[in-house]
Amino acid sequence: MAALMQSGDGWTTCAAGHRHWGRFGAAGLLITDSERVVLQHRAPWTHEGDTFGLPGGARHSDEDAVSAALREANEEAALDADDIEPLGLYVDDHDGWSYTTVVACPRRPISPVAANAESVSVAWHHQDEVTQLPLHRGFAAAWQQLRIPVRPLYIVATGEAAEDPLLEVLGTEGVRATQLPTGMSAGKLSRLFPRVIKARPDAVAEAVLRHADCGQVVLVTDARDLQLLS
């Protein structure tokens, strides 16, 4: 029988003796359009109130970081998960407790708003202006790493590789930075979520060239090569 979901709301202490909100860890959503990011102006009554950070919060017991970040963004900024495309993960680990930032981009124009009492506002801010704001301490530390641009990852698959179930798994769970081919980079992110492109054999070259203009491309023609990315 499956275990019932447990709320992550509550304080916990990591192995280093620091107090954190989120009994099962926490996650936040960093939405960027390459020039701007969405920031939450936290309400004065919240922990480290009247500072700027990310929509986010405690993970529940049955949630992965992406699910938690998208749920919190819906609750705090009225953002629909279908409008958001996760690009990668940045994990700030504190001896067993972690805060995961889900870096994402909008699939279509979005207009975030303050959707509950935890926010004064939720809005777009130009990246150059971020450090001029009074930032939440956790976000301020992470921003030095998160501001480093990362090119999106594309997997162009053809032949038997395009039909392998592992391709869908990689699209959902992502590719660890340590598994990327030589010459590719995840910046400071620990995992990238690839955009999966299935191409006919006669259209592979066109697909690779088209997506190489805006990202990093891995061409997979053999199902065994997918194992190298997992």
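Below is a short write-up of the structure. (Residues numbered from 1 in each chain as written. Predicted model: local features only at pLDDT ≥ 70, side-chain atom pairs only at ≥ 80, totals over all residues. Heavy atoms only, no water.)

1. Some thoughts on the overall build of the chain
What the chain contains, in helices and strands, is 5 helices and 14 strands. Computed over C-alpha atoms, the radius of gyration of the chain comes to 19 Å, within 12% of the 17 Å expected from 2.2 N^0.38 for 230 residues, which places it in the range of a compact globule. When the backbone C-alpha atoms are referred to their principal axes, the chain occupies close to 60 × 45 × 30 Å. Expressed as a percentage of contacts within the chain between residues at least 6 apart in sequence, the contacts between residues at least 24 apart total 66%. Just so you have it, the chain exposes about 12000 Å², and 51% of that area is on carbon and sulfur atoms. Separation of charge centres in the chain, based on 19 positive and 31 negative side chains, amounts to 3 Å. (Helix = DSSP H or I, 4+ residues; strand = E, 2+ residues; numbered from the N terminus. Rg over C-alpha atoms; globule rule 2.2 N^0.38 Å. Contact = heavy atoms within 4.5 Å. Areas by Shrake-Rupley, 256 points an atom, 1.4 Å probe, with all protein chains shown as cover. Lys, Arg positive; Asp, Glu negative; His and termini not counted. Charge placed at Lys NZ, Arg CZ, Asp CG, Glu CD.)

2. Description of the sheet that holds strand 3 (residues 26-31)
Picture the strands of a sheet paired through backbone hydrogen bonds; they go either parallel or antiparallel. Spatial strand order, 6-3-8-7-12-11: 6 strands in an open sheet with mixed pairing. Unpaired on one side and paired on the other, strand 6 (56-58) and strand 11 (175-176) mark the two borders of the sheet. Taken together, the 6 bridges between strand 3 and strand 8 (residues 97-106) define a ladder with parallel strand orientation. Following the sheet pairing, Leu29 is matched in strand 8 by Val102. Together, strand 3, strand 6, strand 7 (84-94) and strand 8 form the strand contacts of helix 1 (residues 65-77), whose direction differs from that of strand 3 by roughly 70°. The strands that helix 2 (residues 137-146) touches are strand 3, strand 7 and strand 8; relative to strand 7, the one it contacts most, it runs at about 120°. (Pairing = 2+ DSSP bridges. Axes fitted to C-alpha atoms, helices over the stretch in contact; angles between N-to-C directions.)

3. Thoughts on the sheet that holds strand 14 (residues 216-220)
Sheet architecture is open: 3 strands sit in the order 13-10-14, paired in parallel fashion. The open sheet has two free edges, formed respectively by strand 13 (195-198) and strand 14, since each of these has just one partner strand. Averaged over all adjacent pairs, the angle separating strand axes in this sheet is 20°, with direction ignored. Relative to strand 13, strand 10 (residues 153-157) runs parallel, the two sharing 4 bridges. The residue bridging Tyr154 from the neighbouring strand is Arg195, located in strand 13.

4. Thoughts on the pattern of salt bridges
All told, the structure shown has 10 salt bridges when counted by the stated rule. Its salt-bridge partner being Arg195, residue Glu85 comes within 2.9 Å of it at the nearest N-O pair. Here Arg195 lies in strand 13 and Glu85 lies in strand 7, a separation of 110 residues in the sequence. In this structure, Asp202 and Arg200 form a salt bridge, with 3.1 Å as the shortest nitrogen-oxygen distance. In terms of burial, Asp202 and Arg200 fall into one category: exposed. (Salt bridge = Lys/Arg side-chain N within 4 Å of Asp/Glu carboxyl O. Buried < 20%, exposed > 50% of the residue type's maximum accessible area, 1.4 Å probe, protein only.)

5. Things to note about unusual backbone geometry
Backbone geometry places Ser34, a non-glycine residue, at a positive phi of 85°. In this fold, Ser34 is placed in the loop between strand 3 and strand 4 (36-42). Relative accessible area serves as the criterion here: at 64%, Ser34 is assigned to the exposed category. One non-glycine residue, Ala78, adopts positive backbone phi at about 55°. With respect to the helices and strands, Ala78 occurs in the loop between helix 1 and strand 7. Judged by its relative accessible area of 47%, Ala78 is partly exposed.

6. Comments concerning the packing of aromatic side chains
Applying the stated rule across the entire model yields 1 aromatic pair. Between Phe139 and Trp143, the aromatic rings sit 5.7 Å apart at their centres with planes inclined by 40°, giving tilted as the arrangement. Here Trp143 and Phe139 lie together in helix 2, a separation of 4 residues that amounts to about one turn. As far as burial versus exposure is concerned, Phe139 and Trp143 are alike and both buried. (Phe/Tyr/Trp six-rings, centres within 6.5 Å; stacked < 30°, edge-to-face > 60°.)

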